[in-house]
Every structure is written in C-alpha cells, then in structure tokens.
Amino acid sequence: MVGANRPEKLDRLIDSVARGERDLASIRDAKLRDAVRVALRMHANAQSGLDALARARMRDRVLGSVYPRRPTLADRTAIAFEMLAKPAPFAVRVIAVTALCVATIAGASVAGADTLPNDPLYSLKLAGEDLRLTLASSAGDRAGVQLSIAEHRLAEAEALATSGRDEDALVASSTYSQQMAEAAAELADLEELQPEVVALVAQLDDRFNEQRSRVQLLATKLSADPTTLRASEILAVVAAPTLAPGLVGVQRIAETAAGVAEDLASDHSSQAAPSASAQPRTTRTIEVVRRNAEQARAAADRAKAKSAKNKNSGHKEYEDRGERD
C-alpha cells in the first residue's frame, strides 16, 4: 500500500508513464511500479461514455416524443381554436354560426317542448318555432309548421286553464286561433285541385275539428270548479261551433279561426277594461290578443281573396276552352 507521504510522487509517475516520457520498468520501487501499473490499467479499461442501459433509456425518451400518438381532448380543443382563429370567407363563417345556432335552439326546443309561459326554456321554445317557420321554403311547409305551432299553443292553453292561469290561457288560445288562420291562408295560396293540396286541406280540417271537440270536453269539465270557471269560458269560445256560411275548405277554417280570435279579444277587452290601467300585465294581454285577432282576420281575408281569384281563373279558363272548341 502506498504511504500517505508519497501521493504526489505517484501522481507524477503515473503522468509521466502515461505520456510516454518514462518506461514503467524504470521505476525501481516495486510498490510504486505496481501502483502505477494498476492505475494505468484502470484508465485503459475505463468506459468513455454511457453504459448500454443508460444509452437505451435516453434513446427511448428522445424517440418517444417523435412516435405518433392519439390526440387528447386538449389537443383537439387547441386545434379547434386554432382553426377558428384563422381567417375564413364571410359566407363560411355565417354558415358555421347559423348551424351552431340551429343546433343550439333545436336542442333547447326539444328539451323545452312541454314548457309553459314563465318557464326558463319557454323563450327558446318560441325561438325554435320562429326559426322553423323562417326556414320553411314553401307554402305547404309553412302551413305544416304553423299547424304544429297552433297545436303547441292549444296544449299550453289546456294546461294553463287547468291550473287556473286565465290570462296566460287566453293568450295561448288566441295565438292558437291566429296560427290556424295563418295555416289555412298558406294552403289557400296553393293550387286547390292538386291531390296533395286536397290531402293537406282535409288533414287541417280534421285536426281543427278534433282539437275543438277536445277543448269542448275540457271546458265542460273545468266549468264545474269555481276556480277554473273563467278558464272554461275561454276554452268554450275556442270550441264554439263553426259560423262561416257559404265557405268551404281552407276559407271556412280561416274564417272560423279568425272569428274565434276576434271573440276572444272582444270578450276579454270588455271584462278587463275597467281595471286595465291599474294592471300592466292585463293591458299587455289585451294588446297581444287584439294583435292576434287582427292577424287572424288578415289571414282569413287573404284566404278568401285567393279563393275568389282561383275561382275566377277557373271560370275564365273554362270559357276560353269553350270558345276554342
């Protein structure tokens, strides 16, 4: 073992032998010579880099960031925001925003299909109906949407009347009548002799009669309870018998619906007039019901005018064909 007083000499010997300045055999001290030999051998066998295991671990870590992997939710979100941030043609942005609005409103409309006025989702339900009506491209499609809206209002009127919410039931009943008149007017704009139009008119007539029969039964039931007596009177107006002499088809439906809307408006206005100034909600109800009556009357007039025009065109065509014959 090399003594503690000889480390510097050993270092100098190792350094000189390693650089070739001195031969190992020239060291006379056997212990120093063996120490230098061991040191040189250890230096020669020393690894110049990482061992195989360390190199494998490092390789895996480096290549792991290169190998493909499935994108995470965070990755997808970042890509979506990046795409939205890029400039796009105005039409593309409009289509994307419209599609998003349609999906949102449609989903909310389905979720709030059974909602009533003052419910949180009711406004979205109305917005969905307006959107459907806006997107309807033909008179037949618009008539179908308006019939659907009318049925929703009638179902609301029945539920509201049963719970004793008279004014809300009145508004819903008035809107029902207005939408039925509008649906009939839309069908009047079509060629009445086409088979599909005849089928649509028959369907509208059947539904109209069925709805009013159902309302009549409910009105009779509610009239037995003093708390729902006023609501039963409103429903009784909706279920009133048809009074449209000389009219048939869509003209009769439109005229009957307009008459119901006008009766609802005049009846409620006469009852609420003394206290209307003291009750803003009642005043608003009167305005809505009157506006519905005006729109229903305008729809009935359009239906009758279209019917007269079609009849005159038919007579003229018949006369022209007779003259040619």
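Below, the structure is looked at part by part.

Quick notes on the rules
- Residues numbered from 1 in each chain as written.
- Predicted model: local features only at pLDDT ≥ 70, side-chain atom pairs only at ≥ 80, totals over all residues.
- Heavy atoms only, no water.
- Helix = DSSP H or I, 4+ residues; strand = E, 2+ residues; numbered from the N terminus.
- Areas by Shrake-Rupley, 256 points an atom, 1.4 Å probe, with all protein chains shown as cover.
- Axes fitted to C-alpha atoms, helices over the stretch in contact; angles between N-to-C directions.
- Parallel < 35°, antiparallel > 145°, perpendicular 65-115°, else oblique.
- Left-handed = near helix turned anticlockwise from the far one by under 90°.
- Contact = heavy atoms within 4.5 Å.
- Nonpolar A, V, L, I, M, F, W, Y, C, P; charged D, E, K, R; others polar.
- Buried < 20%, exposed > 50% of the residue type's maximum accessible area, 1.4 Å probe, protein only.
- Salt bridge = Lys/Arg side-chain N within 4 Å of Asp/Glu carboxyl O.
- Patch = residues over 30% accessible without salt bridge, like charges linked within 9 Å, V, L, I, M, F, W, Y side chains within 5 Å.
- Lys, Arg positive; Asp, Glu negative; His and termini not counted.
- Charge placed at Lys NZ, Arg CZ, Asp CG, Glu CD.
- Expected span 1.5 Å × (residues − 1).
- Polar contact = N/O pair within 3.5 Å; in protein donor to acceptor, adjacent residues only side chain to side chain.

1. Re the overall build of the protein chain
Here comes step 1: Within the protein chain one finds twelve helices and zero strands.
Here comes step 2: For the protein chain, the exposed area adds up to about 20,400 Å²; of that, 59% sits on carbon and sulfur atoms.

2. Some thoughts on the packing of helix α9 (residues 195-222) against helix α10 (residues 229-238)
Here comes step 1: Look at α9 against α10: their axes get within 8 Å of each other, and the N-to-C directions meet at 155°. Regarding the angle of α9 to α10, the classification is roughly antiparallel. In the crossing of α9 with α10, the sense of the turn from one axis to the other is left-handed. Counted together, Arg 212, Val 215, Leu 218, Ala 219 and Leu 222 of α9 and Leu 229, Ser 232, Leu 235, Ala 236 and Val 238 of α10 form the full contact between these two elements.
Here comes step 2: Broken down by class, the residue content of the contact of α9 with α10 amounts to eight nonpolar, one polar and one charged.

3. Points about unusual backbone geometry
Here comes step 1: The phi angle at Asn 118 is positive, at roughly 80°, despite the residue not being glycine.
Here comes step 2: Mapped onto the elements of the fold, Asn 118 is located in the loop between α5 (90-111) and α6 (122-135).
Here comes step 3: Exposure remark for Asn 118: the relative accessible area of 68% places this residue in the exposed category.

4. Remarks on the pattern of salt bridges
Here comes step 1: Throughout the structure, instances matching the rule amount to 16 salt bridges.
Here comes step 2: Put simply, Arg 153 and Glu 156 hold a salt bridge, and the shortest N to O gap is 2.8 Å. Placement of the pair is Arg 153 and Glu 156 together in helix α7 (residues 139-162), with a separation of three residues, close to one helical turn. Of the two residues, Arg 153 and Glu 156, both sit in the buried class.
Here comes step 3: A salt bridge links Arg 230 to Glu 233; its shortest N-O distance comes to 3.4 Å. Of this pair, Arg 230 and Glu 233 are both found in helix α10, three residues apart, which corresponds to roughly one turn of the helix.
Here comes step 4: Note on Glu 233: relative accessible area 38%, which makes it partly exposed.
Here comes step 5: A cluster of three or more residues bridged by salt bridges with shared partners is formed by Glu 255, Glu 262, Arg 297, Asp 301 and Lys 304.

5. Overview of a positive patch on the surface
Here comes step 1: Where like charges cluster on the molecular surface, the positive patch consists of Lys 9, Arg 12, Arg 22 and Arg 28.
Here comes step 2: Relative to the helices and strands, Arg 12 resides in helix α1 (residues 7-18).

6. Focus: helix α8 (residues 166-188)
Here comes step 1: With 23 residues, α8 should cover 33 Å at 1.5 Å per step; its first-to-last C-alpha distance of 33 Å lies within 8% of that length.
Here comes step 2: For α8, the buried fraction is high: 22 of the 23 residues fall into the buried class.

7. Points about the side chain of Glu 156
Here comes step 1: Since its relative accessible area comes to 2%, Glu 156 is described here as buried.
Here comes step 2: Engagement of the side chain of Glu 156 in a polar contact is seen with the side chain of Tyr 122, the distance being 2.8 Å.
Here comes step 3: Non-local contacts of Glu 156, meaning those with residues more than four positions away in its chain, are made with Thr 115, Leu 116, Pro 117, Tyr 122, Lys 125 and Ala 172.

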